Amino acid sequence: MQKEQAMENTSRRQVKINAILDSARTVFCRKGFIGVTMKDIIDECGISRGGIYLYFSSVDDVYIAVMNRRLTRKFDNIRAAVKANIDFDELFKRYFEEHKQRLMHIESSLLRSMYEYFFTHKSGDDHKFQQSQMQKVKETISEILMLGVRQGKLKEGNIDSLAEHFMFEIEGLSVLALFGGLTEECMQRQFAVMESMLDRR
């Protein structure tokens, strides 16, 4: 009975945390990171100040949780697709189509808030957080490329360096999108170049 109660409490706690993070994501997409207050997040999710401080002590805490959940979900989705042995070419195109949609509609993405956070946070822990975000992107791309290897569509030789190159390419396109210098045609050309770099069998 006590175990069941504990599980129910944990489940309820997670539901509340997810509700806070969903609301916080909306705020960060709308306002960026700079200038967002705990009151903004509280107003968006409609819970008491005491309620939110049970789980998060600052805007920074909330933001890191939002970003970690975003990448974890994305990586988990890729892992699920890889486990299901989805056709490599289909998954590769889907992954870059998602990036295209994100970059063409930055008003509904966390892109602006992410750069504002990294430009204003320079501690060792902040650097580690930034590096972990980049590493997860690289791991996601690597998972997709390794699927291509297992399906006999790609050669294995340069997967790590190719994943790193694609990661930096996406980062560069993100900066262009943020400053208004990215067109859909430009993005399509860059994705075509990345696809042409695949070492196919």
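Now for a quick tour of the structure. Note that the structure is a prediction, hence the values are computed from the model and not measured. (Residues numbered from 1 in each chain as written. Predicted model: local features only at pLDDT ≥ 70, side-chain atom pairs only at ≥ 80, totals over all residues. Heavy atoms only, no water.)

Glancing now at the pattern of salt bridges. Under the defined criterion, the tally for this structure stands at 16 salt bridges. A salt bridge links arginine 94 to glutamate 90; the shortest N-O distance between them is 3.6 Å. With a gap of 4 residues between them, arginine 94 and glutamate 90 both fall in helix α5 (residues 88-104), about one helical turn apart. Each member of the salt-bridge network shares a partner with another, and the members are Asp87, Asp89, Lys153 and Arg200. (Salt bridge = Lys/Arg side-chain N within 4 Å of Asp/Glu carboxyl O. Helix = DSSP H or I, 4+ residues; strand = E, 2+ residues; numbered from the N terminus.)

It is worth spelling out the environment of valine 66 at this point. With respect to the secondary-structure elements, valine 66 resides in helix α4 (residues 59-83). With 46 residues separating them along the chain, valine 66 and isoleucine 20 place their C-alpha atoms 9.3 Å apart. Apart from residues no more than four positions distant in its own chain, valine 66 is found in contact with Leu21, Ala24, Arg25, Phe28 and Leu110. (Contact = heavy atoms within 4.5 Å.)

This paragraph deals with the packing of α4 against α5. Where α4 contacts α5, the axes come no closer than 11 Å and their chain directions differ by 155 degrees. The pairing of α4 with α5 is recorded here as roughly antiparallel in orientation. Note on packing geometry: the crossing formed by α4 with α5 is right-handed. Note on element contacts: α5 touches α4 through Leu91, Arg94, Tyr95, Glu98, His99 and Arg102, opposite Arg70, Lys74, Ile78, Ala81 and Val82. Class assignment of the residues belonging to the contact of α4 with α5 gives a composition of 5 nonpolar, 1 polar and 5 charged. (Axes fitted to C-alpha atoms, helices over the stretch in contact; angles between N-to-C directions. Parallel < 35°, antiparallel > 145°, perpendicular 65-115°, else oblique. Left-handed = near helix turned anticlockwise from the far one by under 90°. Nonpolar A, V, L, I, M, F, W, Y, C, P; charged D, E, K, R; others polar.)

Turning our eyes to something else, we now look at the packing of aromatic side chains. Tallied over the entire structure, the rule returns 15 aromatic pairs. Between phenylalanine 33 and tyrosine 63 the ring centres are 5.2 Å apart and the planes differ by 65 degrees, which places this aromatic pair in the edge-to-face class. Taken together, the positions of phenylalanine 33 in the loop between α1 (2-31) and α2 (38-45) and tyrosine 63 in helix α4 put the pair 30 residues apart, joining distant regions of the chain. Since its relative accessible area comes to 8%, phenylalanine 33 is described here as buried. Summarising the aromatic geometry, the rings of phenylalanine 88 and phenylalanine 92 are spaced 5.6 Å apart at their centres and angled 40 degrees between planes, so their arrangement reads as tilted. With phenylalanine 88 and phenylalanine 92 both in helix α5 and 4 residues apart, the pair spans about one turn of that helix. (Phe/Tyr/Trp six-rings, centres within 6.5 Å; stacked < 30°, edge-to-face > 60°. Buried < 20%, exposed > 50% of the residue type's maximum accessible area, 1.4 Å probe, protein only.)

Looking now at unusual backbone geometry. Positive phi values are uncommon outside glycine, yet asparagine 85 reaches one of about 60 degrees. Asparagine 85 sits in the partly exposed class, given a relative accessible area of 48%.

With that out of the way, let us pick up the nonpolar core. Soluble globular proteins tend to pack their nonpolar side chains together in the buried interior. Membership of the largest hydrophobic core comes to 59 residues, with the highest contact counts inside it found for Phe28, Ile41, Val62, Ile141, Leu145 and Phe166. Within the residue set of this core, elements represented by two or more residues are α1, α2, α4, α5, α6 (111-120), α7 (124-150), α8 (159-178) and α9 (184-196). Sort the elements by how many residues they give to this core and α4 lands first, with 9 residues. Among residues more than four places away in sequence, those in contact with leucine 145 are Phe88, Phe92, Leu154, Ile159, Leu162, Ala163, Phe166 and Leu198. (Core = buried A, V, L, I, M, F, W, Y, C linked by side-chain atoms within 4.5 Å.)

Following both chains from N to C, one finds α8 and α9 inclined at 175 degrees, their axes separated by 11 Å at the closest point. Taken together, the axes of α8 and α9 lie roughly antiparallel to each other. The segment α8 lies against α9, with Phe166, Glu169 and Leu173 engaging Met187, Gln190, Phe191 and Met194. For the contact of α8 with α9, the residue count by class is 5 nonpolar, 1 polar and 1 charged.

Along the chain, threonine 140 falls in helix α7. Here threonine 140 falls in the buried class, since its relative accessible area comes to 3%. Here the side chain of threonine 140 touches lysine 136 through a polar contact of 2.8 Å, landing on its backbone oxygen. When residues no more than four places from it in sequence are discounted, the contact partners of threonine 140 are Phe75, Ile78 and Tyr95. (Polar contact = N/O pair within 3.5 Å; in protein donor to acceptor, adjacent residues only side chain to side chain.)

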